[in-house]
Amino acid sequence: MNRIELNSTDIFYEDNGTGYPVVLVHGMGSDHTVWQGIIPLLRDNYRVLALDLRGHGHSMKTPGPYTMELFSHDIYQFLESLNIDQAHFIGHSMGGSILLELALQHPGKIRSLTLISSFAFVDQPLKEIFLNLDKILEYQGFDQFFDACMELTYTSQFQLDNQEALHKIRRIMGKNNPIPPLRDTINACLEVNLIDFLGSIQIPSLIIAGAMDCFTPTYLGEKIQEKLPQSCFKIMEGVGHNLPVEKAHETYLIIMEFLEVIKIPSNPP
């Protein structure tokens, strides 16, 4: 178990493989385990670092409020602590929003961006989803929140085929994710409004969306792609919001195709 102490929190992370660093950033209410299907595939060619954001997983549950700026500053300090000058970044959902903030504040740290099921602004449908999740947390508790998230993030067939595993995950995450940090994270998501600033990000970027995503529908990814000058957009059929879990290998292949095109250096920076 790896842990780094920063100025105002400590961050848990997994560190696998050797080579050019790839940093994986999970979404709201999740943790590093969302990448467990991707890490074994990437670590043969890269040093893969998967962290738990503050307030999530095994990282410190600091008091709120939280913001995208705070999360991105934690990642910047994380890189500095490990003496990583530059890395390739992959973010899922809110993790992609955090990485867009990092790209605006510290573009030199980022060799490339992969944003999966992400958003750069909150429109009315997404706002209503976040507000409903917050209400469920406040009045019903974590288990009901988890179940509501499953409906938003997985296809019905995946839920049916993986009932036992999802119930186990709910028990574990219920222990690691107290309600106050989750609500602070939802409030941070509600404040995301980066879309008008993306034109200044001159970083090779890949945006991936699931065709059946009812949490962050494909048009939110399309909006990001329209604004990012050096970006491409891929839609994966037959999958919802949580691509790294539901279709890990297919997601990995799309990412690797992108990395080969931009020719990520093979040696560490």
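Before any of the text, the structure's been laid out above.
Residues numbered from 1 in each chain as written. Predicted model: local features only at pLDDT ≥ 70, side-chain atom pairs only at ≥ 80, totals over all residues. Heavy atoms only, no water.

**Student:** I keep staring at the overall build of the protein chain and nothing clicks. Help me out?
**Tutor:** What the protein chain contains, in helices and strands, is eleven helices and eight strands. The principal-axis extents of the C-alpha atoms in the protein chain amount to approximately 50 × 40 × 35 Å. Partitioning the intrachain contacts of the protein chain with sequence separation of at least 6 by distance along the chain shows that 77% fall at a separation of at least 24. With the model as given, the accessible surface of the protein chain reaches about 11,500 Å², and the carbon-plus-sulfur share is 48%. (Helix = DSSP H or I, 4+ residues; strand = E, 2+ residues; numbered from the N terminus. Contact = heavy atoms within 4.5 Å. Areas by Shrake-Rupley, 256 points an atom, 1.4 Å probe, with all protein chains shown as cover.)

**Student:** Sorry if this is basic, but what is going on with the pattern of salt bridges here?
**Tutor:** Opposite charge on two side chains permits them to pair, given that their charged atoms come into close proximity. Tallied over the entire structure, the rule returns seven salt bridges. We note a salt bridge from Asp15 to Arg47, for which the minimum N-O separation is 2.7 Å. Placement of the pair is Asp15 in strand S2 (residues 10-16) and Arg47 in strand S4 (residues 47-51), with a sequence separation of 32 residues. Residue Asp15 is classed as partly exposed on the basis of its relative accessible area, which comes to 29%. Of the charged contacts in the structure, one is a salt bridge between Arg183 and Glu138, with a shortest N-O distance of 3.3 Å. One end of the pair, Arg183, is in helix H8 (residues 179-190); the other, Glu138, is in helix H4 (residues 124-139), and 45 residues separate them in sequence. For Arg183, a relative accessible area of 26% translates into the label partly exposed. In the salt-bridge network here, residues are joined through shared partners; they are Asp134, Glu138 and Arg183. (Salt bridge = Lys/Arg side-chain N within 4 Å of Asp/Glu carboxyl O. Buried < 20%, exposed > 50% of the residue type's maximum accessible area, 1.4 Å probe, protein only.)

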